[in-house]
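This is what each chain is made of:
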Amino acid sequence: MWDPCTIFKTNSTSTVPKCCFGNAALRKYYTLYYIYVFIVTDYYIDLKGKFMSNRRYIRDAMFYHELSEQRQKEYFDFNFQYLPALDNIYYTVSIKGDSGVNPLFETLFKRLDEMRAVMMNTHKPAIYNSSLSLTFKSYKIYRYCLSAEDLYDIFLVESLPNDKTPRIAVQIRAYGLWLFGVDEMVFKSFDTVKGLLREYGAEVGEVFENRIDYCYHTNFIVSPEKLFSDDSLRRHLKTTLTRYHFTGRVHPSGEDDYSDLTRDYSAFGERKSNYVFVRFYNKALEVIEQGYKGFFFELWYKSGLINAYDKYCFEYAYQTRNYNSVHKARLLFYIEHGRDEALKYEFVQLLRGAHTTSQMIREAADRYMPGLTVVFNIEFETKRKFYYLSDKFIDGLSYMIRPGLHESGGCGGLKRLYRILDNRRLFINYLSGDVLCFCDSKSSIGEDGKAKYCDWWRRLRSTRLDGLDVDLKLVRVYQTNMDKEIQKKRFINALARQSVLDGSDNSSFIDDVASMLSTLNDNDKKTVSIDGGNDFYSNSLVDYQQRKFTYKQQVKNRLVSGKNLPE
């Protein structure tokens, strides 16, 4: 049982040192308060006022006590913090003199329709130019999408329903915003739009924000089940939004009559609203099961948001696209780093067992291994109406002058967008104070006459919004290497399935590779004489070459197109 006196370095269970607090009544009060904070919230504040975590879910694990102090720090050290960023930026671009079906773009949409017809047969993106590909994505009425892989999407509509509808909508994606920065991605996407319009003799008219997502990745939310319970929300949540939603998972327990419930997603407001939508969700779960944005694992680790053990487990589950695989990874981590050979053997047999269930694996991991750091995303999705109601306020804001901002052909159309982005602290303070916040109690008032925020929410509001202190070039390399590993694993799995279908149950990997090459050479290489006897591969190998070309362009769009961006 934890002894509260260990915090205060005293032998008395009813008092604290006089040097810390004044009279006996106050000493008793603070002792009870620290017991409550430590046990109920999993946190405490030390005598110097430093916010700390007791990390019970790590220190109570049996595996933790097998390790030397050096190994404990190497595998499990991390810092409680927030990582702020802009996760998505949508803006619209209108064209001077544009209306209805613009004859300037007749050639463009004819070309896009031809490319789409080919895509319907190949089921792959079609290359538009050296930096853009036509994809099957759409956005509201915008049926055509030219995409720079992972960086930004340019959506176009063929016929405008009215004169107020812009021809183009641009989405800048999270990968580029996190790893290249807001300024560079806004300028680069806008420059691409201007280049596209120049091809057809059109000019940019007005640029307006359409949606901006302000987000914080954090490990402060240790127990979302408690934090977002109905009782907790009644006591601590203050919001002008009138709807809330949540989802979670049920994990049946074999040890008692109760199930383990998780709260993986909580949201406030209406998703289809044109105002504000606020989300709190398990970001690690989303990255793993969606199978994209794997660069976050390296980013979180380098920033100290997760530890080496978390990263190992998340990476393993990411390759399977199944979050439950983290529990298998927890056992594999012990097999690689544990000391008890008998326990290693037990875990190996469990993982190899034909009748082993995911619940059995999870229970074994929970008995011996630490839990994983919960990485939550707190996200404020702000829509056009939110800014439309503040038009006069936005027009009066100052902004940083960029090179080319006032030059002809520069980024002059982006002045309104920069007014918002450069002053996002003002909007975040309003969102996290007036629109939605968590307070000690709904009636609690601080010395400044405003609501007294919960400590974790106060820390979110005071987090600096400047750039990440991480070598982002290394993070981009990490993403590429992770993609390679996933492709290798998929190749091995596909080869194993093909081998079984061919009846080669006991063949080796090298034999299966040789067999596959032989089969392709025999059945799929055909010579066709066209206009002078050029040789072409057909069937599988033609598709293979086309896929290689497509993937080459996609990788180039994602990585090489950033060559002029800051390294």
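Summarised in this report is the structure supplied together with it.

Analysis parameters
Residues numbered from 1 in each chain as written. Predicted model: local features only at pLDDT ≥ 70, side-chain atom pairs only at ≥ 80, totals over all residues. Heavy atoms only, no water. Helix = DSSP H or I, 4+ residues; strand = E, 2+ residues; numbered from the N terminus. Contact = heavy atoms within 4.5 Å. Areas by Shrake-Rupley, 256 points an atom, 1.4 Å probe, with all protein chains shown as cover. Pairing = 2+ DSSP bridges. Axes fitted to C-alpha atoms, helices over the stretch in contact; angles between N-to-C directions. Salt bridge = Lys/Arg side-chain N within 4 Å of Asp/Glu carboxyl O. Buried < 20%, exposed > 50% of the residue type's maximum accessible area, 1.4 Å probe, protein only. Parallel < 35°, antiparallel > 145°, perpendicular 65-115°, else oblique. Left-handed = near helix turned anticlockwise from the far one by under 90°. Nonpolar A, V, L, I, M, F, W, Y, C, P; charged D, E, K, R; others polar. Polar contact = N/O pair within 3.5 Å; in protein donor to acceptor, adjacent residues only side chain to side chain. Core = buried A, V, L, I, M, F, W, Y, C linked by side-chain atoms within 4.5 Å.

Per the secondary structure count, the protein includes 24 helices and 17 strands. Within the protein, residue pairs in contact and separated by at least 24 positions form 64% of the contacts whose partners lie at least 6 positions apart. For the protein, the accessible surface area stands at approximately 30000 Å², while carbon and sulfur atoms represent 51% of it.

Before going further, it helps to spend a moment on the sheet that holds strand β5 (residues 133-135). Pairing is antiparallel across the open sheet formed by 11 strands, whose spatial order is β4-β5-β6-β7-β8-β3-β9-β16-β15-β14-β11. The open sheet is flanked by β4 (126-127) and β11 (244-247), the only strands paired with a single partner. Taken together, the five bridges between strand β6 (residues 144-148) and strand β7 (residues 152-156) define a ladder with antiparallel strand orientation. Within the sheet, the bridge partner assigned to A148 lies in β7 and is Y152. Lying on the sheet, helix α11 (residues 283-290) is in contact with β3 (82-95), β9 (204-218), β15 (276-282) and β16 (376-383); it crosses β15 at an angle near 80 degrees. Its contacts with the sheet place helix α19 (residues 415-422) against β3 and β9, and it is angled at close to 20 degrees to β9.

Next up on the list: the pattern of salt bridges. A side chain of one charge can pair with a side chain of the opposite charge if their charged atoms are brought near each other. On inspection of all chains with the given rule, the structure shows 26 salt bridges. Taking the shortest distance from any N to any O, the salt bridge between K137 and D153 comes out at 3.1 Å. Within this pair, whereas K137 is found in the loop between β5 and β6, its partner D153 is found in strand β7, the two being separated by 16 residues in sequence. The exposure class of K137 is partly exposed, given its relative accessible area of 33%. Assessed through its relative accessible area of 0%, D153 is described here as buried. Between D455 and R458 there is a salt bridge, with its nearest N and O atoms 2.5 Å apart. Of the two residues, D455 and R458 both sit in helix α21 (residues 455-462), three residues apart, roughly one turn of that helix. Using a relative accessible area of 24% as the deciding quantity, one classes D455 as partly exposed. Note on R458: relative accessible area 39%, which makes it partly exposed. Via salt bridges that share partners, R211, D213, R271, R279, E379 and E381 belong to a single interconnected network.

Once that is clear, we can look at the pairing of β15. β15 sits mainly inside the fold: seven of its seven residues count as buried. Burial along β15 is two-sided: V276, V278, F280 and N282 and F277, R279 and Y281, pointing in opposite directions, are all buried. Inspection of the sheet shows strand β14 (residues 265-268) paired to β15 by four bridges, in the antiparallel sense. Looking at β15, one finds that A267 is bridged to R279. The sheet contact formed by β15 and β16 spans seven bridges and is antiparallel. Along β16, the bridge assignment pairs V278 with F380.

Right, let's get into unusual backbone geometry. In this structure, K293 is a non-glycine residue whose phi angle is positive, near 60 degrees. Structurally, K293 can be placed in the loop between α11 and α12 (295-303). Owing to a relative accessible area of 16%, K293 belongs among the buried residues under this scheme.

Let us now look at the packing of helix α13 (residues 308-320) against helix α14 (residues 325-337). Put simply, α13 and α14 touch, their axes get as near as 8 Å, and they point 130 degrees apart. In terms of orientation, α13 and α14 fall into the oblique class. The handedness of the crossing between α13 and α14 comes out as right-handed. Along its contact with α13, which presents Y309, Y312, C313, F314, Y316, A317 and T320, the element α14 presents S325, V326, K328, A329, R330, L332, F333 and E336. Across the contact of α13 with α14, the residue classes tally to 10 nonpolar, two polar and three charged.

What follows concerns the environment of N322. Looking at the element boundaries, N322 is found in the loop between α13 and α14. Among the residues examined, N322 registers a relative accessible area of 33% and is labelled partly exposed. Aside from chain neighbours lying at most four places away, what touches N322 is I288, E289 and A317. There is a polar contact of 3.0 Å between the side chain of N322 and the backbone nitrogen of N324.

For the rest of this paragraph, the subject is the nonpolar core. Ranked by size, the top nonpolar core spans 130 residues in total, and within it F280 and W457 carry the most contacts. Looking at this core, the element that brings in the most residues is β3, giving eight residues. In contact with W457, other than residues within four places in its own chain, are Y82, F280, I378, F380, S432, L436, C437 and F438.

Okay, the side chain of S432 next. Inspection of the secondary structure assignment puts S432 in helix α20 (residues 424-435). Take S432: its relative accessible area is 0%, and that puts it in the buried class. Reaching out from S432, the side chain makes a polar contact with the side chain of R461 at a distance of 3.0 Å. If we ignore the near neighbours within four places in the chain, the residues touching S432 are F380, C437, Y453, W457, L460 and R461.

Among the secondary structure elements, Y152 is positioned in strand β7. Taking the C-alpha atoms as reference points, Y152 and R173, separated by 21 residues in sequence, lie 5.3 Å from one another. Every residue in contact with Y152, bar those within four places of it in the chain, is listed here: L132, L146, S147, Q171, I172, R173, M185, K188, S189 and T192. Here T192 takes part through its side chain, which lies 2.7 Å from a polar atom of the side chain of Y152.

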